Amino acid sequence: MSKTKKFLLSDQQMPTQWYNVVADMPNRPLPPLDPRTKQPVTKEQMCALFAEELMAQEMSVERFIDIPDQVQDLYKIWRPTPLVRAYGLEKALDTPAKIYFKNESVSPAGSHKPNSAIPQAYYNHKQGIKNLTTETGGGQWGSAIALACQLFGIDLKVYMVRVSYNQKPYRKLMMNAWGAEVIPSPSNTTQVGRSVLERDPDCSGSLGLAISEAVEVALRDPSTTKYCLGSVLNHVLLHQTVIGEEALLQMEMAGDKPDVVIGCFGGGSNFGGVAMPFLRGKLIRGENIRVVAVEPSSCPKLTRGTFQYDLGDTEGFTPLIPMYTLGHTFQPADIHAGGLRYHGAGAIVSQLLRDGLVEAQAVPQLETFAAGLIFARSEGIIPAPESTHAIAAAIREANQAKEEGRSRTILFNLSGHGMIDLYAYEQYFAGKLTNYDLPDQVISQSVDRLEKIIK
Ligand SMILES: *Cc1c(COP(=O)(O)O)cnc(C)c1O
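Everything numeric in this text was worked out from a predicted model, so none of it was measured. (Residues numbered from 1 in each chain as written. Predicted model: local features only at pLDDT ≥ 70, side-chain atom pairs only at ≥ 80, totals over all residues. Heavy atoms only, no water.)

**Q** Lay out the overall build of the chain with the relevant residues and their values.
**A** Within the chain one finds 18 helices and 15 strands. Its C-alpha radius of gyration of 20 Å places the chain within 12% of the 23 Å reference for a compact globule of 455 residues. With the C-alpha coordinates aligned to their principal axes, the bounding extent of the chain is approximately 65 × 50 × 50 Å. By sequence separation, contacts in the chain at least 24 residues apart represent 77% of the contacts at least 6 residues apart. Roughly 17100 Å² of accessible area belongs to the chain as shown, and the carbon and sulfur atoms make up 49% of that amount. Within the chain, the 48 negative side-chain charges are centred at a point lying 3 Å from the centre of the 44 positive side-chain charges. (Helix = DSSP H or I, 4+ residues; strand = E, 2+ residues; numbered from the N terminus. Rg over C-alpha atoms; globule rule 2.2 N^0.38 Å. Contact = heavy atoms within 4.5 Å. Areas by Shrake-Rupley, 256 points an atom, 1.4 Å probe, with all protein chains shown as cover. Lys, Arg positive; Asp, Glu negative; His and termini not counted. Charge placed at Lys NZ, Arg CZ, Asp CG, Glu CD.)

**Q** Give a detailed account of the packing of aromatic side chains, specifying residues and quantitative values.
**A** Under the counting rule described, the total for this entry stands at 15 aromatic pairs. Between the aromatic rings of F101 and F375, the centroid separation amounts to 5.1 Å while the plane-to-plane angle is 80°, which identifies the pairing as edge-to-face. Taken as a pair, F101 in strand β5 (residues 98–103) and F375 in helix α15 (residues 365–379) lie far apart in primary sequence, 274 residues in all. Judged by its relative accessible area of 0%, F375 falls in the buried class. Here the aromatic residues F369, Y425, Y428 and F429 are joined through ring pairs into a cluster of three or more. One cation-aromatic arrangement involves K3 over Y87; the distance from NZ or CZ to the ring centre is 4.5 Å. Of note, R280 hangs over the ring of Y19, and the distance from its end group to the ring centre comes to 4.4 Å. (Phe/Tyr/Trp six-rings, centres within 6.5 Å; stacked < 30°, edge-to-face > 60°. Buried < 20%, exposed > 50% of the residue type's maximum accessible area, 1.4 Å probe, protein only. Lys NZ or Arg CZ within 6 Å of the ring centre and 35° of its normal.)

**Q** Break down the site of the ligand for me, with residues and values.
**A** Around the ligand sit 18 residues, and of these K113, S231, G266, S269 and S415 come closest. G268 places a main-chain nitrogen or oxygen 2.9 Å from an oxygen atom of the ligand. Within the complex, the protein chains bury 98% of what would otherwise be the 390 Å² of accessible surface of the ligand. Class assignment of the residues belonging to the shell around the ligand gives a composition of 4 nonpolar, 12 polar and 2 charged. Shared between two domains, the shell around the ligand holds at least three residues of each, these being domain 1 (6–14 + 78–110 + 235–440) and domain 2 (26–66 + 113–233). (Near = heavy atom within 4 Å. Polar contact = N/O pair within 3.5 Å; in protein donor to acceptor, adjacent residues only side chain to side chain. Nonpolar A, V, L, I, M, F, W, Y, C, P; charged D, E, K, R; others polar. Domains from an automatic or database assignment.)

**Q** Break down helix α6 (residues 140–152) for me, citing the residues and quoting the values.
**A** Since the α-helix turns once every 3.6 residues, residues separated by three or four places project in the same direction. In this model α6 runs 19 Å from its N-terminal to its C-terminal C-alpha over 13 residues, within 8% of the 18 Å that 1.5 Å per residue would give. With 11 of 13 residues buried, α6 lies mostly within the body of the structure. Looking at α6, one finds that the buried residues are Q140, W141, G142, S143, A144, I145, A146, L147, A148, C149 and F152. Next to the buried residues of α6 lie α3 (69–75), α5 (114–126), β6 (131–136), β7 (155–161) and α8 (169–177). (Expected span 1.5 Å × (residues − 1).)

**Q** Summarise the pattern of salt bridges; cite the residues concerned and give the values.
**A** Evaluated as defined, the whole model comprises 25 salt bridges. Where R85 meets E90, a salt bridge forms, and the shortest distance between an N and an O atom there is 2.7 Å. The class for R85 is buried, based on a relative accessible area of 13%. Measuring nitrogen to oxygen at the nearest pair gives 3.9 Å for the salt bridge that ties K157 to E181. One end of the pair, K157, is in strand β7; the other, E181, is in strand β8 (residues 181–185), with 24 residues separating them in the sequence. Relative accessible area serves as the criterion here: at 41%, E181 is assigned to the partly exposed category. Through salt bridges with shared partners, one network takes in R290, E359, E397, E404, R406 and R408. (Salt bridge = Lys/Arg side-chain N within 4 Å of Asp/Glu carboxyl O.)

Structural data, given as structure tokens:
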């Protein structure tokens, strides 16, 4: 009998609830704090910036949360996404391991980001919000939220990290095609941007700085304008669990159970999205499963950062979040995995890492591109530079299985395709990419500046 390559769910089999892992965590995340008073932020404070229902989800301890019908209908533009058995990659690696990947690159924006963009636009629209502001690093979040805002008739301003704005003109054009205004950050449209440009006119920007600009604009008119975020926060991770909920059903169809679930890690949403539904079995029933978050060696908050309260942005507009962090003043190297250049990790995954329930690995840039090409040449899909981190870790697992002469089942999330990141591949082919070794001293410079709220 010929092999099954793709495990597909029908529209009717798409999960109708998101999974909130907080309900099952042995230690729930510490509360976010107001940077001025160091007291827990109230829901009212958060709602000045974000839609109310999103903040209810942010603080929820319910195990499952219904996906609204209208969101389900829009998810069906591309969901359920395929679970694919990577026979080609297995053969290329000559490994006894079985490798599966969840293909989130099939969304209109080319990544997992619309899984949260659609519900975020939906809840803002439901509340009567007419304008959203946001930031984007690699441009994937910006394009996802542009699509979502277009579907709900919301006007969108996107602050795009300047290095990506210059490297990725096509993402800007996608955002424009979906009706959004795109501004390179730092910009002279905000106080924060102007003051940075005064000090450093050539500043290439950072996610934290772009957040500061987008927040500043949203706070000018909180009754009609809100801000939204594509990663890090709990509600974003929550929305992404549709990935893992589908994958649970699909692994069952395949008659397999993953020994290890892998996702690349920027702020934690695609990793959390694929991994948390699988972690549920471990938290509730003590099942034996590993979940591995993979970050770039050049931005190693999980493996070399400190667990501490830190700001989500550079200027102090966001609450203090209990996170593994490199410090909000950390300036990551201009690596091509733009979506992974963020100084901190979301509170849920940070707490789980602290409790030893998730693992973290850092992979150098050259290994990730080599892995991405092995994947492209064996499975056909050119992966996003971010996703190549998950592929590299999956390959490490598969090679270890080979060394040990033992099979194992590996599931990784293909968070996006790289068709709009071919510039990065061009740089790789030209031998222009490096690994950016990061001395301890550079990390301690920004980490030592943090106030030690957690002793
Ligand atoms: C944004 C992005 C990431 C990183 O963000 P997470 O919130 O950690 O998932 C990873 N891969 C792709 C393709 C992205 O667009």
